[in-house]
Amino acid sequence: MQRQPVRPLILALVVAMAPLVFHLPWWAVGWCTVSWGYLLLRERRGWPAASRGFRLAVFFVGMAAVLMSAGLRFDGGDFIALLAVMAGIKPLEIRSRRDSMVTVFLAYFLTITSLFVFENLSMTLYLFVSVWVTTGVLIHVNDPRGAVSRQLRLSARLILLAVPLMLLLFLLFPRLSGSFWGSPWSRQSRSGFSSSMRIGDVSRLVLVDEPALSVTFDSPVPDADQLYWRGIVFQRFDGAGWYPASRQANRRGSVGGTNLSRYTVMLEPHGQRHLFALDLPVTADPAATIMDDHTLLARRPVWQRFQYHSASFLDYLQDDAEVPSNAYLQLPSNRNPEAVALGNRWAGSHADPEAVVSAALAFFRDNGFRYTLRPDRLGLNAVDDFLFTSRKGFCEHFATAFTVLMRAAGVPARIVGGYQGGKWNALGEFLTVRQSDAHVWCEVWMAGRGWVRVDPTFTVAPDRIDAGIESALAGDGLPGFLGRDRGEMLARWTETLRQTWEAVNIRWNLWFMGFSAEDQIALLKRLGVSVGRQGGWLLFMILPPLFIAGVILVGRMRREASGKLPEDKALKVYGRFLDKMTRIGIPKAPHQGPLDYARRVVEQHPMLERDVDDITRRYIGLRYGHEAGMDALKVFRLRVQRFNPRRAMAAGSRKSEG
């Protein structure tokens, strides 16, 4: 049995699985590493193949590990782990070409899986490399003696030939909402706001240098102090953490205002349903709902990059807003007595809610509060400790303390979580909001105005809003990506390269991820084809098969026009010779080569020696040698055409009798 190319097969699996390493549990990565390392050592040292019993034991252990890791759920991440286990087991039983082919197609499956997990341009380019390597290994499995460089060139040509069809299918194949890109293939390592907030959560989120969302504007870009990206509203407070309302209704009233901003958001996956919009959203994408607390809620958790359109009033007024319930005055009992007492005193001395708000902001401004990422440890009464002892904190400290003071003073208040600011990319003309821009602020209820935004952090650290978090926390021991010296040449070059890549990537995402069924119909209309949605679907289903049939037809016509290669035509002519021999009862066995077959014919019928040797020699010269000229082919075809084995055998018999 022919020896199978184990090393190239492992190479294909490694290249295909490399992007998924950080989305796999540690045991799955170790599983594949040990399995493939054992195979490479076995190849080098000539160890015997693993027994069937050992392979079965490994299989059951791998399946048990997947089931234990999945628990009661089995989502996309667990399917990836299952593929990794299969990639570690299958190479152990490679014996035949069939096993090698199965391993190659497993590498293709791993490559396809990466499409469900990653959606950026860099990974798309890498997947072309993965397909190129895997296809080269596929060719090598079927031609193990061929030159590797030639096989890789052939793989590249096959991919280039497939690109036109790939583009046509992308543009015209029916697109479904909630397709593969909406499925939760990977639910690990998602950064962003969760459905609750404890003191310290936002300051930890600020240390993450990852994009949260990217925004392109169809109207003038708002000023820095208007870039409040509203995401989630926290209503309930238990003394340690904040939580949203248990039940939310759709927004019933209307919002008036001026300075309307229209924009498109590309949101990174965060595993929650809440979306982000400028204060205060007026309209939203059909895939989102505006809730009663003016937040946007998606229909399902955002596990993949999500694009939506929205419009917001930057200067807004809620004339017909309903008076909020007592839930916005709720405070935990027997907690933070000093803060509650201070709020009660303000309620007794200030009848106007605006005066209470001013008193609280003056308290923050005049009592030495400091904005920092390194606050002191707080005790059970965290708000009291912050207000009267530590006086050092991040935005969630100020927002929590302000909201407790307002509620204690009888002013309905709540906390809003989201992002503030963003960095403008002049090259791509879009705004990038990072996790380091995470921020929380407050809203208080005022009669005739509705919910009004109040940001107590701005009172203590105005640079946080005007110049960004880097300026507000200067000298506070920031992480490298926040505290770098902007005057250094290397930092400037790094930032330029970063913005250039972000510009390319966001444009790719907006075009590739945002290409919908409506865009397909609009594209056909621009081409002069006007169809409705149903007619468009029918057209989309017909055009790709017609294109494929057209490519096949054109290729056949070109081959017929240019003629087949002499060696290919020689094979066809040799087949006619074999047909003649089969009719006289001397068929060629599948395992026999031309020379072996010629020797068997001559042994059985010596009188055919001259004709059979001559035909075989000419065929080998045309098929494998250097006699591939059209004249030699013409002579060979004439020689086979004139060959009559029955007549030659009869003539040989007459000579022997005479």
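### A closer look at the overall build of the protein chain
The helix and strand tally for the protein chain stands at 24 helices and 19 strands. Counting all 658 residues of the protein chain, 46% fall into the buried class. A fraction of 73% describes how many contacts in the protein chain between residues 6 or more apart in sequence connect residues 24 or more apart. Accessible surface computed for the protein chain: about 33700 Å², of which carbon and sulfur atoms make up 59%.

### Overview of the packing of aromatic side chains
This structure, assessed with the given rule, holds 24 aromatic pairs. Taking 4.0 Å as the distance between ring centres and 10 degrees as the angle between the ring planes, the aromatic pair formed by Y574 and Y619 counts as stacked. Of this pair, Y574 sits in helix 20 (residues 566-583) while Y619 sits in helix 22 (residues 609-623), placing them 45 residues apart in sequence. Judged by its relative accessible area of 3%, Y574 is buried. Accessibility expressed as a relative area gives 3% for Y619, which makes it buried. Chaining the aromatic ring pairs together yields one cluster made of W346, F363, F364, F369, F386, F388 and F398.

### Observations regarding helix 11 (residues 382-390)
Restricting attention to buried positions, one finds in helix 11 the residues A382, V383, D384, F386, L387 and S390. Among the structural elements, helix 9 (337-349), helix 10 (353-366), strand 14 (392-393) and helix 12 (395-408) are those in contact with the buried residues of helix 11. Directly beyond the C-terminal end of helix 11, a positive phi value near 60 degrees is found at R391.

### Observations concerning the nonpolar core
The biggest cluster of nonpolar side chains holds 70 residues, and the ones touching the most others in it are L213, W229, L387 and F402. When sequence neighbours within four positions are dropped, the list of residues in contact with L213 reads W229, V265, M266, L267, F276, Y419, L431, T432 and V433. Core analysis: the next-biggest nonpolar cluster, separate from the first, contains 41 residues, I80, A81, V117 and F118 among them.

### Focus: the sheet that holds strand 7 (residues 274-275)
Two orientations exist for strands paired in a sheet by backbone hydrogen bonds: parallel and antiparallel. Across the sheet, which stays open at both edges, the three strands sit in the order 7-11-10 with antiparallel pairing between neighbours. Of all strands in the sheet, those bounded by a partner on one side alone are strand 7 and strand 10 (288-290). The sheet contact formed by strand 7 and strand 11 (residues 296-298) spans two bridges and is antiparallel. Paired with H274 across the two strands is L297, which belongs to strand 11.

### Quick notes on the environment of P375
Tracing the chain through its elements places P375 in the loop between strand 13 (370-371) and helix 11. Classification of P375 by relative accessible area gives partly exposed; the value is 27%. Measuring from C-alpha to C-alpha, the distance between P375 and S390 comes to 7.7 Å, with 15 residues separating the pair along the chain. In contact with P375, other than residues within four places in its own chain, are K392, G393 and H397.

### With respect to a nonpolar patch on the surface
Together, L56, F59 and F60 line one region of the surface with nonpolar side chains, adding up to about 300 Å² of accessible area. Counting through the fold element by element, F60 comes out in helix 3 (residues 52-70).

### Regarding the packing of helix 1 (residues 6-17) against helix 6 (residues 121-142)
For the pair helix 1 and helix 6, the least separation of the axes is 9 Å and the interaxial angle reads 165 degrees. One element, helix 1, and the other, helix 6, form an angle in the roughly antiparallel class. Crossing of helix 1 against helix 6: the hand is left-handed. Every residue of helix 6 that contacts helix 1 at P8, L9, L11, A12, V15 and A16 is listed here: Y126, S130, V133, T134, V137, H140 and V141. When its residues are assigned to classes, the contact of helix 1 with helix 6 shows ten nonpolar, three polar and no charged.

### Regarding the pairing of strand 15 (residues 413-420)
Most of strand 15 sits out of view: eight of its eight residues are buried. Taken together, the six bridges between strand 3 (residues 228-234) and strand 15 define a ladder with antiparallel strand orientation. Along strand 15, the bridge assignment pairs V233 with V416. Looking at chain direction, strand 15 and strand 18 (residues 438-446) are connected through seven bridges and run antiparallel.

### Thoughts on the pairing of strand 18
The side chains of a regular strand alternate between the sheet's two faces. Of all nine residues making up strand 18, nine are buried, and the element is well covered by its neighbours. Side-chain alternation along strand 18 places A438, V440, C442, V444 and M446 on one buried face and H439, W441, E443 and W445 on a second face that is also buried. Bridge count between strand 18 and strand 19 (residues 450-454): five bridges; the pairing is antiparallel. Bridging from a neighbouring strand, E443 pairs with R453 of strand 19. Remark: three residues form the turn of the hairpin made by strand 18 and strand 19, two consecutive strands paired antiparallel; G448 in that turn has positive phi of roughly 85 degrees.

### Regarding the side chain of R251
In this fold, R251 is placed in the loop between strand 5 (241-243) and strand 6 (256-267). Buried and unpaired, R251 has no salt bridge, with D292 as the nearest side chain of opposite charge at 7.0 Å. Only 2.9 Å separates the side chain of R251 from the backbone oxygen of P281, close enough to count as a polar contact. Among the polar contacts made by the side chain of R251, one reaches the side chain of H294 at a distance of 3.1 Å. The residues contacting R251, other than those within four sequence positions of it, are P281, V282, I290, M291, D292 and H294.

### Observations concerning the side chain of Q151
Mapped onto the elements of the fold, Q151 is located in helix 7 (residues 148-172). In this structure Q151 comes out as buried when scored by relative accessible area, which is 2%. Those residues in contact with Q151 that lie beyond four places of it in its chain are G136, I139, H140, D143 and G146.

### Describing helix 9
In this model, helix 9 (13 residues) spans 19 Å end to end at C-alpha, consistent with the 18 Å of a helix rising 1.5 Å per residue. Where helix 9 is buried, its residues meet helix 10, helix 11 and helix 12.

### Section: the pattern of salt bridges
Any two side chains of opposite charge can pair if their charged atoms end up close together. All chains considered together, the criterion is met by 17 salt bridges. One salt bridge in this structure joins D99 and R98, with 3.8 Å as the shortest N-O distance. We classify D99 as buried; its relative accessible area is 9%. Overall, the relative accessible area of 60% leaves R98 in the exposed class.

About the criteria used
- Residues numbered from 1 in each chain as written.
- Predicted model: local features only at pLDDT ≥ 70, side-chain atom pairs only at ≥ 80, totals over all residues.
- Heavy atoms only, no water.
- Helix = DSSP H or I, 4+ residues; strand = E, 2+ residues; numbered from the N terminus.
- Buried < 20%, exposed > 50% of the residue type's maximum accessible area, 1.4 Å probe, protein only.
- Contact = heavy atoms within 4.5 Å.
- Areas by Shrake-Rupley, 256 points an atom, 1.4 Å probe, with all protein chains shown as cover.
- Phe/Tyr/Trp six-rings, centres within 6.5 Å; stacked < 30°, edge-to-face > 60°.
- Core = buried A, V, L, I, M, F, W, Y, C linked by side-chain atoms within 4.5 Å.
- Pairing = 2+ DSSP bridges.
- Patch = residues over 30% accessible without salt bridge, like charges linked within 9 Å, V, L, I, M, F, W, Y side chains within 5 Å.
- Salt bridge = Lys/Arg side-chain N within 4 Å of Asp/Glu carboxyl O.
- Axes fitted to C-alpha atoms, helices over the stretch in contact; angles between N-to-C directions.
- Parallel < 35°, antiparallel > 145°, perpendicular 65-115°, else oblique.
- Left-handed = near helix turned anticlockwise from the far one by under 90°.
- Nonpolar A, V, L, I, M, F, W, Y, C, P; charged D, E, K, R; others polar.
- Lys, Arg positive; Asp, Glu negative; His and termini not counted.
- Polar contact = N/O pair within 3.5 Å; in protein donor to acceptor, adjacent residues only side chain to side chain.
- Expected span 1.5 Å × (residues − 1).

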